[in-house]
Amino acid sequence: MLDRPTQTFFIIALAFAALIGAVSGVVAQAIFLSQHTVFSSSTSEQVDQKIVELIEEERATIAVVERVTPAVVSIVVKKEQGQLSAQQHPFGLNPFFVQQPILSEEESHQLVEVSSGSGFFVSEDGYVLTNRHVVDQPDAQFVVVTNTGQELPATLVDIDPFQDIAILDVKGVGFPVASLGDSSQIRIGQTVIAIGNTLSEFRNTVTKGVVSGINRRVTAESAATAEVIEQAIQTDAAINPGNSGGPLINLKGEVIGVNTAVSVQGEAIAFAIPINQAQRAIQDVQEFGRIVRPWLGVRYVLVEN
């Protein structure tokens, strides 16, 4: 049995230990709460910063679209109804013996829309860049529909024999012009925006994606022709029929490509002609009034031994 002085010392020691434990617990809790507060504050700041970045990117996209859209046009291809009937039955024969309506003189000359696509102004005096396959229609008439809905007649200046490029001319001056960039500087993964007459119905539709690949060699086939695109830009921005000839732009608002083809075998696979390849055609038309391409002629004679 402990004597009184020893018992008193033991009680004091226990009380002191309890006090130390309580103080340690309070300090530990304070440290934990402090660290948790710092962590929560840091996470909140990171979230706020991310939101700010997303808002800034959204504003940049909106600003770019608003700047470029006035220069983008829809291209409507029309033919006389009498020409369409003659093309369907060039010899006046109907293999299915279905009686065709006889067109009056007025009906025969009535214009009918046969196809449409997209394009964009590359000069203030009315030159419009588009795809060759959009306007490659004999005896056709062309109408350019601006972003405001104004319909303007256009004439075909020339088509490029080596690539899917064509240039139309709209009479007038002061048209809004799309700024052309440098397609040699694009990088895989960078953000791009496509604008065009989607499905030939929804004028100046905007879609967004990234550059999925560069320097692709693509064979674009239609019902009548096959076109090889060299050094094509691949993108996952949604491009549909009717977008052909429209601009592919970067976040600076510069045109880096001409939307041309989509893959029917995969999803979100589209291709554009690099704008650097089209600039030569634009410069030729502005300088010579037509697209100039060098030709090399070779003649040979068989020599018998």
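What you are looking at is a predicted structure, and each value in this text was computed from that prediction instead of being measured.

Engineer: Provide a residue-level description of the overall build of the protein chain, including the pertinent values.
Structural biologist: Each helix and strand counted, the protein chain has five helices and 12 strands in total. Counting all 305 residues of the protein chain, 35% fall into the buried class. Intrachain contacts of the protein chain at a sequence separation of at least 6 include 67% that bridge at least 24 residues.

Engineer: An account of the packing of aromatic side chains is needed here, citing residue identities and associated values.
Structural biologist: Overall, the coordinates contain one aromatic pair when judged by the stated rule. For the ring pair Phe 121 and Phe 175, a centre distance of 4.5 Å and an interplane angle of 10 degrees mean the geometry is stacked. Remark: Phe 175 occurs in the loop between strand E6 (166-170) and strand E7 (191-198) and Phe 121 occurs in strand E2 (residues 111-121); sequence separation between them is 54 residues. Judged on exposure class, the residue Phe 121 and its partner Phe 175 are both buried.

Engineer: Quick rundown of the side chain of Gln 163? Include the residues and the values.
Structural biologist: Inspection of the secondary structure assignment puts Gln 163 in the loop between strand E5 (151-159) and E6. Apart from residues lying up to four places away in sequence, Gln 163 is in contact with Arg 132, Glu 227, Ile 273, Gln 277, Ala 278 and Arg 293.

Engineer: Could you give an account of the nonpolar core, with specific residues and numbers?
Structural biologist: Core analysis: the largest hydrophobic core is formed by 30 residues, its most contacted members being Phe 120 and Leu 129. Breaking this core down by element, the ones donating at least two residues are helix H1 (4-68), strand E3 (127-130), E7, strand E8 (202-221), strand E9 (226-235), strand E11 (255-262), strand E12 (270-274) and helix H5 (275-288). By residue number, the principal contributor to this core is H5, which donates five residues. Non-local contacts of Leu 129, meaning those with residues more than four positions away in its chain, are made with Gly 119, Phe 120, Val 122, Ile 165, Ala 166, Ile 167, Gly 245, Val 258, Ile 275, Ala 278 and Ile 282. Ile 75, Leu 152, Ala 166 and Leu 168 belong to the second-largest nonpolar core, a separate cluster that totals 16 residues.

Here is what the cut-offs are and how they apply
- What you see as residue numbers is a count from 1 along each chain, following the sequence as written.
- Totals for whole chains, interfaces and linings use every residue, but because this is a predicted model, local features are given only for residues with pLDDT of at least 70 and side-chain atom pairs only at 80 or more, for both listing and counting.
- Hydrogens are left out, water is left out, and the side-chain values use all remaining heavy atoms of the structure.
- Helical segments are the DSSP runs of H or I of at least four residues, strand segments are the runs of E of at least two, and each set is numbered from the N terminus.
- Relative accessibility decides the category of a residue: with a 1.4 Å probe and only protein chains considered, values under 20% of the type maximum give buried, values over 50% give exposed, and everything between is partly exposed.
- For this analysis, residues touch if any pair of their heavy atoms sits within 4.5 Å.
- In this analysis, rings of Phe, Tyr and Trp, with Trp reduced to its six-membered ring, are considered paired at centre separations within 6.5 Å, and the interplanar angle assigns stacked below 30 degrees, edge-to-face beyond 60, and tilted for intermediate values.
- The criterion is simple. A nonpolar core is a set of buried Ala, Val, Leu, Ile, Met, Phe, Trp, Tyr and Cys residues joined through side-chain atoms within 4.5 Å.

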